[in-house]
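The primary structure of each chain is shown beneath.
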Amino acid sequence: MTSARDAFDVARIRADFPILSRRVHGKPLVYLDSANTSQKPQAVIDAVDRFYRETNANVARAVHALGEAATSAYESARDKLARFVNATTRDEVVFTSGTTQAINTVAYSYVLPRLSPGDEILVTRMEHHANIVPWQLVAARTGAKVVPAPITPSGELIVEEFVARLNPRVKIAGVTHVSNVLGTINPIRELAKACRARGIPLLVDGSQAAPHLRVDVQALGCDFYALTGHKLFGPTGTGILWARREHLAAMPPFFGGGEMIRTVSFDGTTFADAPHKFEAGTPNIAGFVGLGAAIDYVNEVGLDTIGAVERDLLAYATEALKSVPGLRLFGEAKEKAAVLSFLIDGVHAHDLATLLDQEGIAVRSGHHCAHPLMQFFGVPATARASLAFYNTRDEVDALVAAIAKVRKLLA
Ligand code: PMP
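The rules behind each value
- Residues numbered from 1 in each chain as written.
- Predicted model: local features only at pLDDT ≥ 70, side-chain atom pairs only at ≥ 80, totals over all residues.
- Heavy atoms only, no water.
- 1 Å grid on protein atoms, 1.4 Å probe; cavity = no way out; pocket = protein on both sides within 12 Å on 5 of 7 lines; lining within 4 Å.
- Points joined across faces, edges and corners; volume = space filled by probe spheres on them.
- Nonpolar A, V, L, I, M, F, W, Y, C, P; charged D, E, K, R; others polar.
- Core = buried A, V, L, I, M, F, W, Y, C linked by side-chain atoms within 4.5 Å.
- Buried < 20%, exposed > 50% of the residue type's maximum accessible area, 1.4 Å probe, protein only.
- Helix = DSSP H or I, 4+ residues; strand = E, 2+ residues; numbered from the N terminus.
- Domains from an automatic or database assignment.
- Contact = heavy atoms within 4.5 Å.
- Salt bridge = Lys/Arg side-chain N within 4 Å of Asp/Glu carboxyl O.

Asker: Is there a simple way to think about empty space enclosed by the protein in this case?
Answerer: To locate leftover empty space, one rolls a probe as large as a water molecule over the atoms. Inspection of the entire model under this criterion finds 2 cavities of 30 Å³ or more. Of the volumes computed, that of the largest cavity is approximately 60 Å³. Considering only residue class, the lining of the largest cavity consists of 7 nonpolar, 5 polar and 1 charged. Size it by volume and the second largest cavity reaches roughly 30 Å³. What lines the second largest cavity is Leu32, Ala317, Leu340, Ala385, Leu387, Val396 and Leu399. In the lining of the second largest cavity, the residues fall into 7 nonpolar, no polar and no charged.

Asker: Explain the nonpolar core here, please?
Answerer: Across soluble globular proteins, nonpolar side chains have a tendency to be buried as a group. Membership of the largest hydrophobic core comes to 84 residues, with the highest contact counts inside it found for Val85, Phe162, Leu202, Tyr225 and Phe389. Residue contributions to this core peak at 11 residues, all from helix H11 (residues 285-301). If you count residues domain by domain, this core takes at least three from each of domain 1 (4-38 + 302-404) and domain 2 (45-299). Setting aside residues no more than four positions away along its own chain, Leu202 makes contact with Ala173, Gly174, Val175, Ile188, Leu191, Ala192, Cys195, Cys222, Asp223 and Phe224. In terms of nonpolar packing, the next biggest core, distinct from the first, is built from 29 residues, Ile361, Ala383, Leu399 and Val406 among them.

Asker: Even after reading the chapter, I still don't get the pattern of salt bridges, so can you show me in this structure?
Answerer: When the charged atoms of two side chains with opposite charge come close together, those side chains can pair. Counting across every chain of the model gives 20 salt bridges. With its nearest N and O atoms 2.8 Å apart, the salt bridge here joins Arg78 to Glu75. With Arg78 and Glu75 both in helix H4 (residues 65-84), this residue pair falls 3 residues apart, about one helical turn. Both residues of the pair, Arg78 and Glu75, count as buried.

Asker: When you look at the layout of surface pockets in this model, what are you seeing that I'm missing?
Answerer: Quantified by volume, the largest pocket comes out at close to 410 Å³. Both of domain 1 (4-38 + 302-404) and domain 2 (45-299) provide at least three residues apiece to the lining of the largest pocket. Considering the residues around the second largest pocket, the lining is formed by 22 residues, among which Thr100, His128, Ser207, Thr228 and Lys231 are closest to the centre. Per element, the largest residue contribution to the lining of the second largest pocket is 3 residues, and it comes from helix H5 (residues 99-111). For the lining of the second largest pocket, the residue count by class is 4 nonpolar, 14 polar and 4 charged.

See below:
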């Protein structure tokens, strides 16, 4: 029997992504920065192009043909996202500009009104700044504090320590589904169960999970799930906040303006129901049409296939990088997505990334918006290769060969 992995035709997949065939500094592009932003398939580019050529109009306002077509295209993306995360209803899907806006919405609308001095917001040491700083801002207004749960040196959350910190002062917990630096896949079901048993809502930052894993918010048992479209092969400036219906119903709007109201007068304003209550102003209509096309594309390739291909690439890349003398790998969790952060002895991450770029290889270097995690490892920065299903073993080999070249150059 052929497995999904064996039947996978990576050349055909790569042909769907026009940018992958370009050259950089005279070399074929080796794009290993998909955790930063993913590349876009032609189907997404076409959907955005077609929208502006054929359908462009504002949504939910005009009764003319284009207005109706634009609204229907935009709202059909909501249906696709609702199915993609297995929401109970489409009304649980709020369109945002990305994860950052989604988490800020929860911080200001759900958490801020519930915070008192001495309250806590529990996160983990491996969070992206997007799942730390919004909490700090609302905590600072109220005398609450943000508490981190510790991780192991191999980059795994210490679940018992997380659970031990779930005390009655905790008003919300925020955990990344997949770490953007370590690739660690956190045991969300288990954490959600522990939170639920104590009546503490759990927000999951799904930015790095949605492009790689099947997300089922009902099975996960969390309260809020945020994801960003541009890492999911869709346009920048798109994302969703999924939240349980009862939470959205109880939350006041975060932004005010057009489209989020029922009636407005100087005596008082009433608001639309969720999700529109949270979508003030003209949204990124073409972006969401593109995100809908990205969801179709991912579904067509299949998340199980994507998972199998990426697991294979991760195993190959891990072994290849470990064979490089003087290379330190950050993040060796048992459950891990295809993200490899590393440093080479005596080479600064930025120098490494700059020299790799000369070879056509795009990796990210820096703190990856995770200062507390860098502090934990005692380093200012790492280089990070992040893979997607359109990457190949040859590209991993190219990375390893280029690292060897850089080491010789800098030795
Ligand atoms: N959380 C994680 C884990 C991320 O990797 C990122 C993007 N680097 C974000 C949040 C923020 O996403 P966005 O900037 O698209 O809102």
